[in-house]
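# Coordinate analysis (summary)
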Amino acid sequence: MEERLEKLKMLLGIEETDEDERLTFILESTEQKILNYCNLPELPAALENVLVEMAADFYDASDGVASSVQVGDTSVSYRKDEDSIIREYKGQLHRFRRVVWT
C-alpha cells in the first residue's frame, strides 16, 4: 500500500503527509471499485498503475471544484464523476473482467 500511496502523491504533486489518510482511503475505495467491476477477489499486478491513475482521477473529482462554467450561451463542464472515470478506464479493465452467473 505504501508504494501505491507514494505513486499517487507523485502524480498529484503532493509532498506533505497531511493528505495521507484521505489518499489511502481513495486508493482502497478505488481498488474495491475495480474488484467489483471486474468480479475479482484480488487486484492483478497488471492493474496496479491503473488503480493509481484512477485514484488520482477520483481525488481530482472530489476536490470541490465547480463542475461547469457558463458564459452567455456556452457551457463547459470539466469535473468528472464516478461513472465517467470508470468509463474512461473500461478498455483497460475489460481485459481482466470475469463473467459472474447469478
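Let me begin by describing the structure that accompanies this report. (Residues numbered from 1 in each chain as written. Predicted model: local features only at pLDDT ≥ 70, side-chain atom pairs only at ≥ 80, totals over all residues. Heavy atoms only, no water.)

## A look at the side chain of Thr30
Filter applied, for reference: The way it works is that DSSP assigns letters per residue, a run of H or I at least four long becomes a helix, a run of E at least two long becomes a strand, and they are numbered from the N terminus. Side-chain atoms alone can form a polar contact between residues adjacent in sequence; in general such a contact is a pair of N or O atoms within 3.5 Å, and within protein one must be able to donate a hydrogen while the other accepts it. Whether two residues touch is decided by their heavy atoms; if any such pair falls within 4.5 Å, the residues are in contact.
Along the chain, Thr30 falls in helix H2 (residues 20-38). In terms of polar contacts, Thr30 uses its side chain to reach the backbone carbonyl oxygen of Ile26, at 2.7 Å. Discounting chain neighbours no more than four positions away, the residues touching Thr30 are Leu51, Met54, Ala55 and Phe58.

## Here's the deal with the packing of H2 against helix H4 (residues 82-94)
Let me state the cut-off plainly: In this analysis, axes come from line fits to C-alpha atoms, helices being fitted only over the stretch in contact, and the angle between any two N-to-C directions falls in the range 0 to 180 degrees. Between 65 and 115 degrees an angle is taken as roughly perpendicular, under 35 as roughly parallel, over 145 as roughly antiparallel, and anywhere else as oblique. Each crossing gets its hand from how the near helix is turned against the far one by less than a right angle, where anticlockwise is left-handed and clockwise is right-handed. Classification used: nonpolar for Ala, Val, Leu, Ile, Met, Phe, Trp, Tyr, Cys and Pro, charged for Asp, Glu, Lys and Arg, polar for all others including Gly.
Where H2 meets H4, the closest approach of the two axes is 11 Å, and the angle between their N-to-C directions is 60°. By the angle between their directions, the pair H2 and H4 is classed as oblique. Relative to H4, the crossing made by H2 is right-handed. Along the contact surface, H2 presents Lys33, Ile34, Tyr37 and Cys38, while H4 presents Glu82, Ile86, Lys90, Leu93 and His94. Residue composition of the contact of H2 with H4, grouped by class: 5 nonpolar, 1 polar and 3 charged.

## Some words on the nonpolar core
One broad trend across soluble globular proteins is that nonpolar side chains are buried collectively. The line we're drawing: Residues belong to a common nonpolar core when they are buried Ala, Val, Leu, Ile, Met, Phe, Trp, Tyr or Cys residues joined through side-chain atoms within 4.5 Å. Under the scheme applied here, a residue whose accessible area is under 20% of the maximum for its type counts as buried, over 50% as exposed, and between as partly exposed, the area being computed with a 1.4 Å probe on protein chains only.
With 27 residues, the main nonpolar core has Leu8, Ile34, Cys38, Leu47, Met54 and Leu93 as its most contacted residues. Going through the elements one at a time, helix H1 (2-12), H2, helix H3 (48-61) and H4 are the ones with two or more residues in this core. The element best represented in this core is H3, accounting for 9 residues. In this view, Cys38 contacts Leu93, Phe96, Arg97 and Arg98; residues no more than four positions away in its chain are not counted.

## Looking at the pattern of salt bridges
When charged atoms on two side chains of opposite charge get close, those side chains can pair. Definition in use: One side-chain nitrogen of Lys or Arg within 4 Å of one carboxyl oxygen of Asp or Glu is enough to make a salt bridge.
Taken as a whole, this structure holds 6 salt bridges when the rule is applied. Close ionic contact of Glu48 with Arg4 constitutes a salt bridge, the shortest N to O distance being 2.7 Å. Taken as a pair, Glu48 in helix H3 and Arg4 in helix H1 lie far apart in primary sequence, 44 residues in all. By relative accessible area, Glu48 is classed as partly exposed at 23%. Note that Lys9 is salt-bridged to Asp20, the shortest N-O span being 2.9 Å. With Lys9 in helix H1 and Asp20 in helix H2, this residue pair connects regions lying 11 residues apart in the sequence.

## Section: H4
Just so we agree on the cut-off: By this rule the span expected of a helix is its residue count minus one, scaled by 1.5 Å. Bend, in this description, refers to the angle at a residue between axes fitted to the seven residues ending there and the seven starting there.
Between its terminal C-alpha atoms H4 stretches 17 Å, which fits the 18 Å expected from 13 residues at 1.5 Å a residue. At Glu88, H4 is deflected by roughly 45°, the largest bend along its length. Turning to H4, its buried residues are Ile85, Ile86, Tyr89 and Leu93. On its buried side, H4 packs onto H2 and H3.

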